[in-house]
Amino acid sequence: MERATLIENRLRETFTPLKIEVRDDSHRHAGHEGAKGGGGHFSVTIVAPQFQGRSSVQRHQMIYQALGEMMKKEIHALSIQAFAPDEV
């Protein structure tokens, strides 16, 4: 299973989002130092009720926690857009 699908599945299990999109941008970073180590570059857009009343930093921390060990080796860079339902 490709990493983007693993990321999406893990976030779906944790947040049951109303909307989620995970994009693998690794091809844009070929030759980049982090890419050499095998870590990919990904973009996530997610809308979930759990983000209501949370700051941007808190939302990012929640996502990092949900992805756990993937953040250490499989993900080198992660662009996050996290919204509460009333923000979209």
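What should I look at first to understand the pairing of strand 2 (residues 40–47) in this one?
Regular strands place their side chains on alternate faces of the sheet. Burial analysis of strand 2 places 8 of its 8 residues in the buried class, which makes it a mostly covered element. In strand 2, alternate side chains face the same way, and those of G40, F42, V44 and I46 on one face and H41, S43, T45 and V47 on the other are all buried. With 6 bridges connecting them, strand 1 (residues 19–24) and strand 2 associate as antiparallel partners. Paired with I20 across the bridge in strand 2 is I46.

Just checking my understanding: could you explain unusual backbone geometry for this structure?
What you tend to see is this: most non-glycine residues have negative phi, and most peptide bonds are trans. One non-glycine residue, T16, lies in positive phi territory at about 45°. A relative accessible area of 60% means that T16 is categorised as exposed.

Explanation requested: the sheet that holds strand 2 in the structure shown.
Strand pairing within a sheet occurs via backbone hydrogen bonds; the two strands may be parallel or antiparallel. The 3 strands are arranged 1-2-3 in an open sheet whose pairing can be described as mixed. Two strands close off the open sheet at either side, each with one partner strand: strand 1 and strand 3 (75–83). Strand after strand, the sheet turns through a mean of 15° between neighbouring axes, direction not considered. Sitting on the sheet, helix 1 (residues 3–15) is in contact with strand 1, strand 2 and strand 3, with an inclination near 30° to strand 2. Taken strand by strand, helix 3 (residues 56–67) contacts strand 2 and strand 3, and its axis lies near 130° from that of strand 3.

Conventions used here
- Residues numbered from 1 in each chain as written.
- Predicted model: local features only at pLDDT ≥ 70, side-chain atom pairs only at ≥ 80, totals over all residues.
- Heavy atoms only, no water.
- Buried < 20%, exposed > 50% of the residue type's maximum accessible area, 1.4 Å probe, protein only.
- Helix = DSSP H or I, 4+ residues; strand = E, 2+ residues; numbered from the N terminus.
- Pairing = 2+ DSSP bridges.
- Axes fitted to C-alpha atoms, helices over the stretch in contact; angles between N-to-C directions.
- Contact = heavy atoms within 4.5 Å.

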